[in-house]
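What follows is the residue order along each chain.
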Amino acid sequence: EKYDVPFLTLNAWVGLWVATFCILAAFVNLNRIILCLTRFTHDIFALLVSAIFVVNALGNPFSQVGIYHYFDKDHKSHDKNENEEGYSHIATGILSLGLALGTASLASLAMMLRTTTYRGYVCSDSSRTVFSSLSVTLAIFTFIVVDHFLFPTIKTETLNVPDEYGPTFTCCTQDCRTYWPDDCPDIDAPYWRRYFLIDLTDLNGNGWVPIGAIIPAFLAFILVFLDDGITLHLMNHPSHKLTHGDAYNLNTLIIGVMIGINSLLGFPWLVSATVRSLAHLHAMADKNKDGKIELLRETRLTGLFVHLLMLCSLLFLPWLKLIPVPVLYGVFLYMGISSLNTNQFYGRIQMLFMHPSRCPETPYTSYVDRKTLRFYTGIQLFFFVLLYAIKSIEITAIWFPVSIAICIPVRRFLLPKVMARNALVLLDGEDHEIEKFIHDLDIEDF
């Protein structure tokens, strides 16, 4: 609106430039930068993504998203039912809170069945595996039933799904520059939906757009590249015991091609999903009592079936409208919280409030003094808060990708100057480096 440029056209040009940058990055092996990443950046980014899931589920203070906002009578979700007799936004808020917390709790409980110590016919190994694998699905269906059958008179927000498959941008007129009904409330019905393919020449007289799109595209490329690279690097961590080789450049190439295609069609960009990727990995793993992975089943079939089911969901659009949004908030809450268990940074934040004698025994708590531990955690916490603030404030959000990138030189060049090498190895090293350090230390003591 500020530059009087059609959004989808500008988005398409930005996406095409992002695709170009991704393809070039793949061919010049820019992913060698990703291989320089360590747990320092991994944990900050992973905790940031988890925090976004949790905050957006409970109530984002910077947007009208989350359970908290259902208690606001002016929230847009109440517009549809506010004139109905007996409608109460407080009742809706309370039920929404119950649905979200119930979904998250039931999913967590079902997931814990995999490692429960109870035995018997109901809790046999096979039944526990089935229940834990379907934990999220069971929780969703359970609380859909609770919402529609136990509390039919309390109206909650449900998914806003179109009646048929097609672009959701409905046009006021033939040129499709205005959106129905927001821009033309006096028209009873839309003229038509926009075409699938975006018209790259629809610049509204702004010939600078194809070149000017390079600037936002470069910033978007940094975010896409780091998001994709960090997620793939997290997935390929040695502790996950993956046996197949990595393919950073191929992954970047495919991401770039798909972003280009989706931009031309006006679809959302294809990017990595850190929390869901890690959730999928842990769902395919067998763990010991300490939570460490002993065996990981590597298969492409689960990913294939997930996306086939997503495709089949187009046949059930009317049914998707029955899903309460608070139930999905519960899923987001569960995914955000469940991913915290493997985050060392989050564990050290908890240790800041623990008595030293109560801290879990780990290599860094055993061999690193508490002052150094707090200093290192404080630096990570500073970057975490900084990144979340930059992301959340509209005027600074454009610099969010650059802020993530700054974490790399800080860890690589600054921290070694202010912290001992041994402390960095124990806090930020790979497992084999930590084991070697402890082994050498034991030999010296002997």
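Residues numbered from 1 in each chain as written. Predicted model: local features only at pLDDT ≥ 70, side-chain atom pairs only at ≥ 80, totals over all residues. Heavy atoms only, no water.

It is worth spelling out the overall build of the chain at this point. Along the chain, the regular secondary structure elements total 18 helices and four strands. Computed over the C-alpha atoms, the radius of gyration of the chain is 25 Å, within 12% of the 22 Å expected from 2.2 N^0.38 for a compact globule of 446 residues. Each principal axis of the C-alpha distribution contributes one length, and for the chain these read about 85 × 60 × 40 Å. Taken across its 446 residues, the chain has 40% of its residues classed as buried. (Helix = DSSP H or I, 4+ residues; strand = E, 2+ residues; numbered from the N terminus. Rg over C-alpha atoms; globule rule 2.2 N^0.38 Å. Buried < 20%, exposed > 50% of the residue type's maximum accessible area, 1.4 Å probe, protein only.)

It is worth spelling out the environment of Asp183 at this point. Along the chain, the position of Asp183 falls in the loop between β1 (170-171) and β2 (192-193). Linking Asp183 and Cys171, residues twelve residues apart in sequence, is a C-alpha distance of 9.2 Å. Among all residues touching Asp183, those that are not within four sequence positions of it are Cys172 and Thr178. (Contact = heavy atoms within 4.5 Å.)

Attention shifts here to the confidence of the model for the chain. Counting all residues, the mean pLDDT for the chain is 88, and 96% of those residues have values of 70 or more. Mean pLDDT across the elements of the chain ranges from a minimum in helix α4 (residues 125-133), with 74, to a maximum in helix α1 (residues 7-27), with 95. (pLDDT = per-residue confidence, 0-100.)

Below, the discussion takes up helix α3 (residues 89-112). Here α3 spans 34 Å end to end across 24 residues, near enough to the 34 Å set by a 1.5 Å rise per residue. Listing the buried residues of α3 in full gives Thr92, Gly93, Leu95, Ser96, Leu99, Ala100, Gly102, Thr103, Ala104, Ala107 and Ala110. Structurally, the start of α3 carries an N-cap: the backbone nitrogen of Ile90 is 3.3 Å from a side-chain oxygen of Ser88. (Expected span 1.5 Å × (residues − 1). Polar contact = N/O pair within 3.5 Å; in protein donor to acceptor, adjacent residues only side chain to side chain.)

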